[in-house]
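Here is how the chains run, residue by residue.
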Amino acid sequence: MSNISSSTSDEEYANIFDWYTDHSNHENMISDNIIEIIKNKENNYLLDIGAGNGYITTKISKYFKHTTILEPNLKHKINYDAIDNKEVHHNFFSDFETKDKYNLILCSHVLYYIDVEEWNDFFTKILKMLNSGGICIVIFVSDRGEYSDFLRELNENYKNSTAIIKVLNGLNLRYLQKEFSTELKSTMDEENKFEQLI
């Protein structure tokens, strides 16, 4: 893997991440951690920014009375059918306007696709949409670990949690940082398929 190009496109990153989530316990780990945080709270409104395949959204939406989904990629539309009391918007967060306030805003692996210079505005907008006592959960790759090392091979300037912490500190926001690792469950044949992706 030492010859991987550093000019990996967003689409190639997406393919790599899809492979990673398909072959690890990553989504279950995220869902379980979120449920542990919210299970004893008043949960009326959920906003999921960049819901992707809908796996995490579907699991945690059961704890909310209403779920708002933002996902610009139309290929995921069918994945949200099992979610009750939902509204789906196929646009970007920057284009989303609402008067609703949310108990939880989830942003899982989205900020890679947004310029760091826009993160201040991104988080400021989130703050305006949170209910009193509401929380925002941001899922992002750590600045260390096996997966982070691999992404750094693709692009040595790959965005990681260090950049988010810098922005949050700059906005004087209180946050709790929680790290967890995931396990790959791939076979040798599947790993060869992954090699072909890159």
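First, a word on what this report is: a plain description of the structure on this page. Counting restarts for each chain, with residues numbered from 1 along the sequence as it is written. The predicted nature of this model means local features are confined to residues of pLDDT at least 70 and side-chain atom pairs, given and counted, to a pLDDT of 80 or more, with totals for whole chains, interfaces and linings taken over all residues. Side-chain figures throughout are based on the complete set of non-hydrogen atoms in the structure, without hydrogens or water.

Structural notes on the overall build of the protein
Here is step 1: Helix numbers and strand numbers start at the N terminus; a helix is a DSSP run of H or I with at least 4 residues, a strand a run of E with at least 2. A tally of helices and strands in the protein yields 7 helices and 5 strands.
Here is step 2: Beginning at the N terminus, the succession of helices and strands in the protein can be written as α-α-β-α-β-β-β-α-β-α-α-α.
Here is step 3: Whether a residue is buried, partly exposed or exposed follows from its accessible area with a 1.4 Å probe, protein chains only, as a fraction of its type maximum: under 20%, in between, or over 50%, in that order. For the protein, the proportion of its 198 residues judged to be buried stands at 40%.
Here is step 4: The contacts in the protein between residues at least 6 apart in sequence include a share of 65% that link residues at least 24 apart.
Here is step 5: Total accessible area on the protein is roughly 11800 Å²; 46% of this is exposed by carbon and sulfur atoms. By the convention used here, residues are in contact when the closest approach between their heavy atoms is within 4.5 Å. Areas reported as accessible are Shrake-Rupley estimates using a 1.4 Å probe. Residue values count occlusion only from the protein chains shown.

Here's the deal with the nonpolar core
Here is step 1: To form a nonpolar core, buried Ala, Val, Leu, Ile, Met, Phe, Trp, Tyr and Cys residues must be joined to one another through side-chain atoms within 4.5 Å. One finds Leu47, Ile49, Phe93 and Leu111 to be the most contacted residues of the largest nonpolar core, which totals 22 residues.
Here is step 2: Of all the elements in the fold, those that place two or more residues in this core are β1 (45-49), β4 (102-108), α4 (119-129) and α6 (161-170).
Here is step 3: The biggest single contributor to this core is α4, with 5 residues.
Here is step 4: Those residues within four positions of leucine 47 in sequence are excluded, and the remaining contacts are Thr68, Leu70, Phe93, Phe96, Tyr102, Leu104, Ile105, Leu106 and Met129.
Here is step 5: Ile30, Ile34, Ile60 and Phe64 belong to the second largest nonpolar core, which has 12 residues in total.

What about α6?
Here is step 1: Listed as buried for α6 are Ser161, Ile164, Val167 and Leu168. Projected onto a plane normal to the axis of α6, the buried residues spread over an arc of 120° and lie on a single side. Opposite the buried face of α6, at more than 90 degrees from it, the exposed residues are Lys166 and Gly170.
Here is step 2: Buried positions along α6 lie against α4 and β5 (130-139).
Here is step 3: Where α6 terminates, the next one or two residues include asparagine 172, which has phi positive at roughly 55°. By definition, the arc is the one covered by directions from the helix axis to the C-beta atoms.

Section: the pattern of salt bridges
Between side chains of opposite charge, pairing is possible as soon as their charged atoms come close.
Here is step 1: Counted as salt bridges are all cases of a side-chain nitrogen of Lys or Arg within 4 Å of a carboxyl oxygen of Asp or Glu. Per the counting criterion, the structure on display carries 3 salt bridges.
Here is step 2: The closest approach of N and O atoms between glutamate 97 and lysine 125, which form a salt bridge, is 3.8 Å. You can see glutamate 97 sitting in the loop between β3 (86-89) and β4 and its partner lysine 125 sitting in helix α4, a full 28 residues away along the chain.
Here is step 3: Residue class for lysine 125 comes out buried when judged on its relative accessible area of 17%.

So, the packing of aromatic side chains
Here is step 1: Paired rings are identified among Phe, Tyr and Trp, the last through its six-membered ring, by centres lying within 6.5 Å, and are further divided according to the angle between planes into stacked (under 30 degrees), edge-to-face (over 60) and tilted (the rest). Under the definition given, this model contains 2 aromatic pairs.
Here is step 2: Seen in terms of ring centroids, phenylalanine 93 and phenylalanine 122 are 5.0 Å apart; in terms of plane orientation they differ by 65°. Their pairing is edge-to-face. Of this pair, phenylalanine 93 sits in the loop between β3 and β4 while phenylalanine 122 is found in helix α4, placing the two residues 29 residues apart along the sequence.
Here is step 3: The class for phenylalanine 93 is buried, based on a relative accessible area of 6%.
Here is step 4: With a relative accessible area of 6%, phenylalanine 122 lands in the buried category.
Here is step 5: Look at phenylalanine 122 and phenylalanine 123: their rings are 5.7 Å apart centre to centre, the planes differ by 85°, and that puts the pair in the edge-to-face class.

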